[in-house]
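Next come the chains, spelled out residue by residue.
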Amino acid sequence: MPKRKTSDADGKPQNAQINKRSRSDLREPHPNAKQTEDFGIVLREFYPPEMSNERCQAYNDGILERPIELLEAACRDTSDKRRAIGPGKTVVHWFKSDLRLHDNRALHAASQLARDHQIPLIGLYILSPEDWAAHLTSPARVDFTLRTLKRLQTDLAELDIPLYMETQEKRKAIPGRIVELCQQWEAKHIYANIEYEVDELRREAKLVRLCAAKEIDLALSHDTCVVTPGALSSQQNKQYAVYTPWFRSWLAFLKENPDYLELSEEPGSNPGDARKKLSGLFDCKIPTAPSNKQLSEEEKKRFEIMYPAGEHEASQRLDKFLEEKGREYDKMRSIVSGKHTSILSPYFASGALSARTAVVTAKRANRNFLDRDNSGYISWISEVAWRDFYKHVLVNWPFICMNKCFKPDHTNIEWEYNLDQFQAWCDGKTGFPIVDAAMRQLKHSAWMHNRTRMVVSSFLTKDLLLDWRRGERYFMEHLIDGDFASNHGGWGFGSSTGVDPQPYFRVFNPLRQSERFDPDGEYIRHWVPELREIKDKAIHEPYKRGAGSIAKKNGYPEPIVEHSEMRNQALERFKRALQR
Ligand SMILES: Cc1cc2nc3c(=O)[nH]c(=O)nc-3n(C[C@H](O)[C@H](O)[C@H](O)COP(=O)(O)OP(=O)(O)OC[C@H]3O[C@@H](n4cnc5c(N)ncnc54)[C@H](O)[C@@H]3O)c2cc1C
């Protein structure tokens, strides 16, 4: 767990009065907030506009409590009371983004308690349309979640465990409803895995207290990351802000603590009379997608074929990927055709696959080494670790949920708000073939290769100088694997955006990226039919390489900006912002 700082930046002890005054002074939003709204770029519904830099600093200085600290305090304050609670007549596992039976820490603990007392286990899932609206969850991800629930319900039913599902329009109603259900089912223990986003941590902190007041124990497990957020700290006892030393520490931690790689067994069957006792809970209907998150019939079919739901599919994909592509992953992973990576991200995001299982399976394929032998497997493990890294970042710097990039002082960058250019980017009509191919792939497949995610995010922020948060939002609204921490990591932390923690700015050259990572133009030809007739290298830059007439005839636009000119402007702006 991250440790609460006890002194401010100068090493002076904090004083309660200073804390109080600072807290109220910190409510002012960042001055950019108004500008983004004026341009019709409302960043996120349900949330105040961009948080002020001072408030972010207050988190960094330990003046404001982090949400994880609120949760820890709630667990600590109620621990005596919770310890004294008896077993009850049923045990509940609350599923959230952990939709699987295999290697699910909280589910395993719930099942053990149920078995120890010979009482039935009940699965619970509460859908909140307001939560999905607030978190910009894409219709593709909603559909994938609902399909995954269907599989989960079937798998649980085989163990005589019911999965009760219902919709709660308002997310604030969820904690109260959970207590009501536990009382109705005479459950004294409810188990869940921790989600590390700010709203979720705050909700769970309230729920722990609410449950304890009603003589119910909410037991929370760290499950979604391989290494628990806060477990790794630098020599200065701080959260790492840079991936490479963090990853070294992640590997060392796992070597010293091999139990972190132990997989939990699936739950056992419910007692024989569970079906009779809980009969009404077994025929629960899968909730329908909220009206603003529905797919067309054609899209539904398409996504069902591309991403069959459930943990069995995830497990088969993992094995197939490691067997067929794992060894060459380090050499091939950046080739954007999408044939060389695992495409497991939707399964990680819904929790159909645990990151632990992924790492353990890759380690086994690599003759049980985490960091030596085959560089393909090691490289893939290090990619899965990026997912952990961004969750660790989120827990330690929670203000990133409030429309902030990782370094608050980087918010002084002056952005453009040209909606026509933004639309051209969304529609894949910028005249830059690799960018357009990727954006069309996103619309069609709700997924994009990591390399092209970097290329299009760099293009939005460095070539169009558009506010990175608009791109971050668009990605969440369209990705089937949309995950706040990883997406923010790519947009508001990663070197692709200009809000890079490094003291330099990396500007991707779309043409060079296209030539390196789509050398034969296979990816562009697939996604941009207007350019299919174009032969050889002209595909990467048709208007400057003698294929302009074909591109024009087929309605493909000329480049909407000049890359070298925009690159200079971008560098100038980023430098100016940091000098402020
Ligand atoms: C701008 C931007 C936005 C992104 N948004 C998301 C997002 O919303 N959800 C998401 O899961 N990933 C996101 N990523 C990370 C990455 O692009 C995807 O995880 C990856 O492309 C998924 O494909 P795959 O499963 O074939 O990955 P593989 O190459 O097979 O990697 C295996 C797994 O490792 C993890 N991983 C790999 N690269 C990264 C990374 N850079 N950051 C975090 N985790 C990683 C993923 O869980 C992935 O499934 C984003 C990256 C960028 C640059």
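Residue numbers restart at each chain and count upward from 1, following the sequence in its written direction. Local features in this predicted model are restricted to residues of pLDDT 70 or higher, and side-chain atom pairs are both shown and tallied only at a pLDDT of 80 or more, whereas totals for entire chains, interfaces and linings draw on every residue.

Let us now look at the UniProt feature "site: Electron transfer via tryptophanyl radical" (unreviewed entry) in the chain. UniProt positions are given in the numbering used here, feature names are shortened, and annotations may be inferred rather than shown by experiment. On the UniProt side, "site: Electron transfer via tryptophanyl radical" (unreviewed entry) is annotated at positions that read Trp-415, Trp-468 and Trp-491 here. The largest pairwise C-alpha distance within this set of annotated residues, which runs over 77 residues, is 14.3 Å, so the set is compact in three dimensions. Here a strand is any run of E in DSSP of at least two residues, a helix any run of H or I of at least four, and the numbering for each starts at the N terminus. With respect to the helices and strands, the residue Trp-415 is situated in the loop between α17 (375-396) and α18 (419-427). This entry defines residue contacts through backbone-placed C-beta atoms, with two residues in contact when those atoms are within 7 Å. Leave out the neighbours within four places in its chain, and Trp-415 touches Leu-465, Leu-466 and Asp-467.

On to the site of the ligand, then. Being near a molecule or strand means, for a residue, that its C-beta atom, positioned from the backbone, comes within 6 Å of it. Around the ligand lies a shell of 30 residues, among which Thr-341, Ser-342, Asn-450, Asn-487 and Gly-490 are the nearest. Residue assignment for the shell around the ligand shows that the elements contributing at least two residues are α15 (345-350), α17, α20 (450-463) and α22 (484-493). Ten residues, namely Ala, Val, Leu, Ile, Met, Phe, Trp, Tyr, Cys and Pro, are considered nonpolar, four, namely Asp, Glu, Lys and Arg, are considered charged, and the remaining ones, Gly among them, are considered polar. Counted by class, the shell around the ligand contains 11 nonpolar, 13 polar and 6 charged residues.

Frequently, the measure chosen for interface size is the accessible area that the parts lose on association. As used throughout, domain bounds are those supplied by an automatic or database domain assignment. Under the domain assignment, the chain is made up of domain 1 (67-223 + 242-261) and domain 2 (408-579). One C-alpha centre belongs to domain 1, the other to domain 2; they are set 38 Å apart. Listed per partner, the contact involves 10 residues of domain 1 and 11 residues of domain 2. By residue class, the composition of the side of domain 1 that touches domain 2 is 5 nonpolar, 3 polar and 2 charged.

The phi dihedral of Asp-103 falls on the positive side, at around 50 degrees, and the residue is not glycine. Assignment of secondary structure puts Asp-103 in the loop between β1 (90-95) and α5 (105-116). With a phi close to 60 degrees, Leu-136 is a non-glycine residue in the positive phi region. Position of Leu-136 relative to the elements: it lies in the loop between α6 (129-134) and α7 (139-157). The exposure scheme places C-beta atoms from the backbone and then counts, for each residue, the other C-beta atoms within 10 Å of its own, assigning buried at 20 or more, exposed at 12 or fewer, and partly exposed in between. A tally of 21 C-beta atoms within 10 Å means that Leu-136 is categorised as buried.

Glancing now at helix α4 (residues 67-83). Multiplying 1.5 Å by the residue count of a helix minus one yields the expected span of that helix. The terminal C-alpha atoms of α4 lie 23 Å apart, and with 17 residues this matches the ideal 24 Å at 1.5 Å per residue to within 8%. Throughout, the bend at a residue refers to the angle made by two axes, fitted to the seven residues ending there and to the seven starting there. If you look at α4, its biggest bend is around 40 degrees, right at Asp-77. Structurally, α4 contributes buried residues whose contacts are with α9 (198-213) and α17.

A few words now on the environment of Ala-219. By secondary structure assignment, the location of Ala-219 is in strand β5 (residues 217-221). C-alpha of Ala-219 to C-alpha of Ala-106: the two residues are 113 residues apart in sequence and 7.9 Å apart in space. Residues in contact with Ala-219, not counting those within four places in the same chain, are Ala-109, His-189 and Tyr-191.

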